[in-house]
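Listed below, chain by chain, are the residues.
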Amino acid sequence: MSDQDVKSAVRDWWADNPMTYGQEHGVTDYVDPDGTVRKVEFGSREFFETADKTFFQWNLPLHNDKGTFGKIFDYEKFRGKNVLEVGCGMGYMAMNWAQQGAKVTALDLNPVAIVQTTSRFKAFDLPGEIIEGDGRSLPFEDNKFAHVYSWGVLHHSPNIESSLAEVFRVVEPGGTVGVMLYNRNSFLFRYIVQYLEGIVNLEHRVLSPLEMGSRYGDGDRREGNPHTWPVTIKEAKEELFAQFEDINVEVFGTDVAGIVDHFFPLLASRLMPKPLLNALIRRWGWSLWITARKPK
Ligand SMILES: C[S@@+](CC[C@H](N)C(=O)[O-])C[C@H]1O[C@@H](n2cnc3c(N)ncnc32)[C@H](O)[C@@H]1O
């Protein structure tokens, strides 16, 4: 496939399967605490509020009294400064930054994300620039942003290095970045994808490692996700972020409890001592949170 074909395939897949945080990507059915399934209209205020609640719940350990995702984002430091999100999806994180006073630019490859984030910003009466574009060739001048972040995006394009080179180019000297990429050395990838699906179910005979990652990494079993390729901590530190300094990697894993319960049914994760579960998460979680600084 040519570069342009891959780009179109990635864009179209995400436009068809946008991040609704419903039962599957693109689906706007949500299960209420009493078990009833509620369908909400895509793009309505109820949709944003419901999807946000689910996204919030998924990432519960990352919030604090300074705001949603306050443990990983220093909102105060960047008040009034230019902040860029690469791959904004439905715009939840960008909205948080705008509410905290940053001058937000949110970019995404797929037009549905742009329409939704634009209408979210309108609905919540927030300023911000919402732009359709590719993380691999950012439409901004060098050194424009004090902070650039991206959550679950750059592993969906081939040539992750070129996206990171672009992030490096547009962040100012001394500026910081935060990037969440999927973790190849995770329970999800090594056990569920490679062992159970690949070896036990024999899919490795017909699918390449990249095809396995794409099939199970996002939109589980919904065919057609063109590219999902997780990275390792070593790759992140030694290759992908090598041009940055102060590189730090944390492992997050809201998926780990569910996988523990898969190994040992009967809600083992609830009975397991918290420090043990946290140790498993810090080693085997699905998300790497990589922070770094561009040298001055
Ligand atoms: C898993 S979603 C994450 C969205 C959002 N960050 C979130 O956490 O809800 C991936 C998003 O990345 C976008 N995307 C994929 N490749 C991209 C690229 N090369 N440049 C910009 N956005 C991209 C997709 O359109 C999709 O909206």
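### Quick word on the overall build of the protein chain
- Looking only at helices and strands, one finds eleven helices and nine strands in the protein chain.
- Taking 19 Å as the expected radius of gyration for a compact globule of 296 residues, we find that the protein chain reaches 19 Å, a close match to that expectation.
- Counting only C-alpha atoms, the protein chain reaches 50 × 45 × 45 Å along its principal axes.
- Taking all 296 residues of the protein chain together, 53% fall into the buried category.
- Taking the contacts inside the protein chain whose residues are at least 6 apart along the sequence as the reference set, 67% of them involve residues at least 24 apart.
- Surface summary for the protein chain: the accessible area is close to 14,200 Å², and the carbon and sulfur share equals 53%.
- The averaged location of the 40 negative side-chain charges in the protein chain is 5 Å from the averaged location of its 32 positive side-chain charges.

### Focus: the sheet that holds strand β9 (residues 287-293)
- Strand order in the open sheet made by the seven strands is β5-β4-β3-β6-β7-β9-β8, with mixed pairing throughout. On the outer flanks of this sheet lie β5 (129-132) and β8 (245-252), each paired with one strand and no other. Sheet twist, expressed as the average angle between the axes of neighbouring strands with direction ignored, equals 15 degrees.
- By the bridge criterion, six bridges tie strand β6 (residues 145-151) to strand β7 (residues 171-182) in an arrangement that is parallel. Within β7, the residue paired with H147 across the bridge is T176.
- This element, helix α5 (residues 160-170), spans β3 (82-86), β6 and β7 of the sheet and lies at about 150 degrees to β7.

### Here's the deal with the site of the ligand
- Taken together, 21 residues form the shell around the ligand, and within it Y21, G87, D108, N110 and G135 come nearest.
- With respect to the ligand, the side chain of D134 contributes an N or O atom lying 2.9 Å from a nitrogen atom.
- When isolated, the ligand has an accessible area of 590 Å², and the protein chains bury 97% of it.
- Counting only elements with at least two residues in the shell around the ligand, the list comes to α1 (3-16) and β4 (103-108).
- Broken down by class, the residue content of the shell around the ligand amounts to ten nonpolar, eight polar and three charged.

### Things to note about the layout of surface pockets
- Considering only enclosed or pocket space, the second largest pocket measures out at about 230 Å³ in volume.
- Contributing to the lining of the second largest pocket are 13 residues, with Y30, V31, D32, T50 and T54 lying nearest its centre.
- Elements with a contribution of two residues or more to the lining of the second largest pocket: β1 (29-31) and α2 (45-58).
- The leading source of residues in the lining of the second largest pocket is α2, at four residues.
- Counted by class, the lining of the second largest pocket contains four nonpolar, five polar and four charged residues.

### Here we look at the pairing of β5
- Pairing of β4 with β5, which is carried by four bridges, proceeds in the parallel orientation. Opposite L107, over in β5, you have I131 as the bridge partner.
- The parallel pair β4 and β5, bridged by helix α4 (residues 111-123), forms a crossover whose chirality is right-handed.

### A closer look at a nonpolar patch on the surface
- Together, Y195, I199 and V200 make up a nonpolar patch on the protein surface, roughly 270 Å² of accessible area in all.
- Mapped onto the fold, V200 is located in helix α6 (residues 187-200).
- On the basis of relative accessibility, which here comes to 45%, the residue V200 falls in the partly exposed class.

Calculation rules
- Residues numbered from 1 in each chain as written.
- Predicted model: local features only at pLDDT ≥ 70, side-chain atom pairs only at ≥ 80, totals over all residues.
- Heavy atoms only, no water.
- Helix = DSSP H or I, 4+ residues; strand = E, 2+ residues; numbered from the N terminus.
- Rg over C-alpha atoms; globule rule 2.2 N^0.38 Å.
- Buried < 20%, exposed > 50% of the residue type's maximum accessible area, 1.4 Å probe, protein only.
- Contact = heavy atoms within 4.5 Å.
- Areas by Shrake-Rupley, 256 points an atom, 1.4 Å probe, with all protein chains shown as cover.
- Lys, Arg positive; Asp, Glu negative; His and termini not counted.
- Charge placed at Lys NZ, Arg CZ, Asp CG, Glu CD.
- Pairing = 2+ DSSP bridges.
- Axes fitted to C-alpha atoms, helices over the stretch in contact; angles between N-to-C directions.
- Near = heavy atom within 4 Å.
- Polar contact = N/O pair within 3.5 Å; in protein donor to acceptor, adjacent residues only side chain to side chain.
- Nonpolar A, V, L, I, M, F, W, Y, C, P; charged D, E, K, R; others polar.
- 1 Å grid on protein atoms, 1.4 Å probe; cavity = no way out; pocket = protein on both sides within 12 Å on 5 of 7 lines; lining within 4 Å.
- Points joined across faces, edges and corners; volume = space filled by probe spheres on them.
- Right-handed = clockwise from strand over helix to strand, strands pointing away.
- Patch = residues over 30% accessible without salt bridge, like charges linked within 9 Å, V, L, I, M, F, W, Y side chains within 5 Å.
- Salt bridge = Lys/Arg side-chain N within 4 Å of Asp/Glu carboxyl O.

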